[in-house]
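Here are the chains, one letter per residue:
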Protein chains: 2
Amino acid sequence: MASSTEENYLKALFNLSNSLGEVNLSELAHGLQVSLPTANSMVKSLQKSGWVNYEKYKPLILTAAGQKEAALIIRKHRLTEMFLVKKMGFGWEEVHEIAEQVEHIHAPKFFQRMDEMLGFPTIDPHGSPIPDNQGRIQEFSYVPLSSCKPGQTVQLTALTNSSTEFLEFLNSRKLALGTQLNVLSREAYDLSLVVSYENHPQETLSEKVSERLLVRVLE
Amino acid sequence: MASSTEENYLKALFNLSNSLGEVNLSELAHGLQVSLPTANSMVKSLQKSGWVNYEKYKPLILTAAGQKEAALIIRKHRLTEMFLVKKMGFGWEEVHEIAEQVEHIHAPKFFQRMDEMLGFPTIDPHGSPIPDNQGRIQEFSYVPLSSCKPGQTVQLTALTNSSTEFLEFLNSRKLALGTQLNVLSREAYDLSLVVSYENHPQETLSEKVSERLLVRVLE
DNA sequence: GTAATAAGTTAGAGTATTCTAACAAATTTG
DNA sequence: CAAATTTGTTAGAATACTCTAACTTATTAC
Ligand SMILES: [Mn+2]
Ligand SMILES: [Mn+2]
Ligand SMILES: [Mn+2]
Ligand SMILES: [Mn+2]
């Protein structure tokens, strides 16, 4: 059984993997806030356990078992976040840190009950998909708001960053998942976008913000 | 901040302490299922952190800080058990193992919300008191059913053992907290008790069982 | 295509937690 | 109270996870 530390490595490998399923050691080390030698030795040990394919100087690749394991931890994380928001009244900006701990609990029934009580949700409070109990993940094809053109109407569906600070920023602008936005114009100089929605006839969003907002284009 | 391991030691010291607040090293080692040298070295390290008073060959005594710390972990454990039973539909025989893990989560708001949602309960699903958020514990003066006399009517209020096996035994006999029992007779040979309650006009409870049932004497 | 830079590896060490083997102190027994 | 037993301690070692320093390989820049 994977330790909490190993589980965090698997999750990081999974989340940092590019479209080819590859990650560099330095990205992994940076993502987990550990030194390069620490990540290096840990990866060797994950290889021994069969979670990772590792060859000197080559990019890291999760094995099929490693991918499934990682997805199941992410499942626990996202179910927990959803439970905290929907059943315990937490704000979406408060739940990540708690879920970061709860995800390591070994108690299948505990997460099964969350799943049932929530009605088997498919996305978490930040719009990310919840892997199913086999570790399969549904892929969505959302686009960043930053890629949208003036005149388009879109619906906010997910985020590529769920830091407390970013979520508090969104709270302050009353931007929630589901909000419909009209793209009014783009400032050529800094690529900021001017949008309108609900009771906000005109709001300017920096590129940094708009590229972290994933939307579905309505028209 | 105490590690999960240290927290488990503090809890064990707290729970195993006699009326003088003392525990032997061997009891501690046995309680935690570790070797004597392991417990010995751990106790020395707990002393360095100020949780335990330790002198060679003397019984172990938790410091005031150690007692409070232990009580606050027990608070998280018991609140969790109550939450699992009352809000998530678990049976009282299923919750201890889960709570054993959840108690180590560092997230004050998480347990505050449980507390609120439960209406600030004072006992857990097994009748044990839930320490308050200052680590203070309400003491009850219950007596073991084994000490009761034929003719007495009592109410089942708590247990001195909450193992899954024992709880499943109680489930099989429809014995729950709150059940009123009439003590009919005691068998002199093996000290078993014959009792009646609800739809059970006659049930024999071994001494092993009756000494683990804590009751309030009604008449 | 070198030279400079970035990325990755090895060596060696430290803390936390655990163990077994050997020994010492304290307690119980007859 | 001396012997037997129980309890507690020390020494030495193993595993998991982490670090810094030193070195090597790979990549990027002229
Ligand atoms: Mn999260
Ligand atoms: Mn985590
Ligand atoms: Mn319990
Ligand atoms: Mn525990």
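Residues numbered from 1 in each chain as written. Chains lettered and ligands numbered in written order. Predicted model: local features only at pLDDT ≥ 70, side-chain atom pairs only at ≥ 80, totals over all residues. Heavy atoms only, no water.

**As for the coordination of the manganese ion (ligand 4)**
All names here are of chain B. For the manganese ion (ligand 4), the full set of protein donor atoms is N8 (OD1), E100 (O), E100 (OE), E103 (OE) and H104 (NE2), and the range of their distances to it is 2.0 to 2.6 Å. Here the donor residues of the manganese ion (ligand 4) are spaced in sequence according to N-x91-E-x2-E-H. On the criterion of sequence distance, the pair formed by N8 in helix 1 (residues 4-16) and H104 in the loop between helix 5 (95-102) and helix 6 (108-117) is long-range, its members being 96 residues apart. Of the residues examined, N8 reaches a relative accessible area of 24% and is grouped as partly exposed. In this structure H104 comes out as buried when scored by relative accessible area, which is 12%. (Donors = N, O, S within 2.8 Å, 3.2 Å for Na, K, Ca; no water. Helix = DSSP H or I, 4+ residues; strand = E, 2+ residues; numbered from the N terminus. Buried < 20%, exposed > 50% of the residue type's maximum accessible area, 1.4 Å probe, protein only.)

**Some thoughts on the sheet that holds strand 3 (residues 60-62) of chain A**
Across the sheet, which stays open at both edges, the three strands sit in the order 1-3-2 (chain A) with antiparallel pairing between neighbours. The open sheet terminates on both sides in strands that have one partner only, identified here as strand 1 (22-23) and strand 2 (52-53) of chain A. (Pairing = 2+ DSSP bridges.)

**Some words on the coordination of the manganese ion (ligand 1)**
All names here are of chain A. Coordination of the manganese ion (ligand 1) by the protein involves H77 (NE2), E81 (OE) and H96 (ND1), with metal-donor separations of 2.1 to 2.2 Å. The sequence pattern describing where the donors of the manganese ion (ligand 1) fall on their chain is H-x3-E-x14-H. Residue E81 is located in helix 4 (residues 64-86), and its partner H96 is located in helix 5 (residues 95-102); the two are separated by 15 residues in the primary sequence. Assessed through its relative accessible area of 1%, E81 is described here as buried. With a relative accessible area of 30%, H96 lands in the partly exposed category.

**Focus on the relation of the copies chain A and chain B**
Two copies of a chain can be linked by a rotation about an axis combined with a shift along that same axis. Rotating chain A by 180° and moving it 0.0 Å along the rotation axis overlays it on chain B with an RMSD of 0.0 Å. What we have between these two chains is a two-fold relation. Considering only C-alpha atoms, the part of chain A nearest the rotation axis is V102 of chain A, at 3.7 Å. In this assembly, 100% of the residues forming the interface of chain A have copies in chain B that are likewise at the interface, indicating an isologous arrangement. (Least-squares fit on C-alpha atoms with pLDDT ≥ 70 in both. Contact = heavy atoms within 4.5 Å.)

**Overview of the domain arrangement of chain A**
Each assigned domain of chain A is listed with its residue range as follows: domain 1 (4-62), domain 2 (72-139) and domain 3 (143-217). Between domain 1 of chain A and domain 3 of chain A, the C-alpha centre-to-centre distance is 33 Å. (Domains from an automatic or database assignment.)

**Details of the pairing of strand 7 (residues 193-197) of chain B**
Residues and elements named next belong to chain B. Counting buried residues in strand 7 gives five out of five residues, a clear majority hidden from the surface. The alternating pattern of strand 7 places L193, V195 and Y197 on one face and V194 and S196 on the opposite face, and all of these are buried. Sheet topology note: the strand 6 (residues 180-186)/strand 7 ladder contains four bridges and is antiparallel. Its bridge partner being in strand 7, N182 is matched across the sheet by S196. Taking the residues that link successive antiparallel strands as the turn, the strand 6-strand 7 hairpin has six residues, and the phi of L191 there is positive, at about 60°. Of the strand pairs in this sheet, strand 7 and strand 8 (residues 200-205) are connected by four bridges, and their pairing is antiparallel.

**Looking at the protein's contact with DNA strand C**
Taken together, 20 residues are adjacent to DNA strand C, and N40, K44 and Y54 of chain A together with S3 and T38 of chain B come closest. Here N40 of chain A contributes a side-chain N or O atom positioned 2.3 Å from a phosphate oxygen of DNA strand C. When residues of the surface near DNA strand C are traced back to their parent elements, those giving at least two are helix 2 (25-32) and helix 3 (36-48) of chain A together with helix 1 and helix 3 (36-48) of chain B. Taken together, the residues of the surface near DNA strand C sort by class into ten nonpolar, eight polar and two charged. (Near = heavy atom within 4 Å. Polar contact = N/O pair within 3.5 Å; in protein donor to acceptor, adjacent residues only side chain to side chain. Nonpolar A, V, L, I, M, F, W, Y, C, P; charged D, E, K, R; others polar.)

**Describing the protein's contact with DNA strand D**
Neighbouring DNA strand D are 20 residues, the closest being S3 and T38 of chain A together with N40, K44 and Y54 of chain B. Restricting the count to atoms of DNA strand D within 4 Å of the protein gives a sugar and phosphate share of 77%. At 2.6 Å, a side-chain N or O of S3 of chain A approaches a phosphate oxygen of DNA strand D. A distance of 3.0 Å separates a phosphate oxygen of DNA strand D from a polar backbone atom of S35 of chain A. Going through the elements one at a time, helix 1 (4-16) and helix 3 of chain A together with helix 2 (25-32) and helix 3 of chain B are the ones with two or more residues in the surface near DNA strand D. Here the surface near DNA strand D is composed, by residue class, of ten nonpolar, eight polar and two charged.

**Comments concerning the pattern of salt bridges**
For side chains bearing opposite charge, pairing can occur when the charged atoms are close. Tallying each qualifying case throughout the model produces 20 salt bridges over all chains. Measuring nitrogen to oxygen at the nearest pair gives 2.7 Å for the salt bridge that ties E94 of chain A to K109 of chain B. With E94 of chain A in the loop between helix 4 and helix 5 and K109 of chain B in helix 6, this pair bridges two chains. A salt bridge links D115 of chain B to R75 of chain B; its shortest N-O distance comes to 2.9 Å. Note that D115 of chain B is positioned in helix 6 and R75 of chain B in helix 4 (residues 64-86), a separation of 40 residues in sequence. In this structure, a network of salt bridges that share partners links the residues K11, E100 and E103 of chain A. (Salt bridge = Lys/Arg side-chain N within 4 Å of Asp/Glu carboxyl O.)

**Points about the interface of chain A and chain B**
Taken together, the contact between chain A and chain B spans 18 residues of the former and 18 residues of the latter. Taken over both partners, the interface formed by chain A and chain B buries close to 1500 Å², and the fraction arising from carbon and sulfur atoms is 71%. Three residues, M88, Q101 and F110 of chain A, lead the burial of chain A against chain B; their summed loss comes to 37% of the area buried on that side. The interface formed by chain A and chain B includes two salt bridges. Applying the counting criterion to the chain A and chain B interface returns six residue pairs in polar contact (both at pLDDT 80 or more). Of all the secondary structure elements, the ones that give two or more residues to the side of chain A that touches chain B are helix 4, helix 5 and helix 6 (108-117) of chain A. Examining the composition of the side of chain A that touches chain B, we find that five residues originate from one element, helix 6 of chain A, more than from any other. For the side of chain A that touches chain B, a count of residues per class yields eleven nonpolar, three polar and four charged. (Buried area = accessible area lost by both parts, 1.4 Å probe.)

**A look at the packing of aromatic side chains**
Given two aromatic rings, one states the distance between the centres and the angle between the planes to describe the pair. Per the stated rule, a full pass over the model turns up five aromatic pairs over all chains. Relative to F83 of chain B, the ring of F83 of chain A has its centre 6.3 Å away and its plane inclined at 80°; by these criteria the two rings are edge-to-face. With F83 of chain A in helix 4 and F83 of chain B in helix 4, this pair bridges two chains. Comparing F83 of chain A with F83 of chain B, the two get one shared label, buried. (Phe/Tyr/Trp six-rings, centres within 6.5 Å; stacked < 30°, edge-to-face > 60°.)

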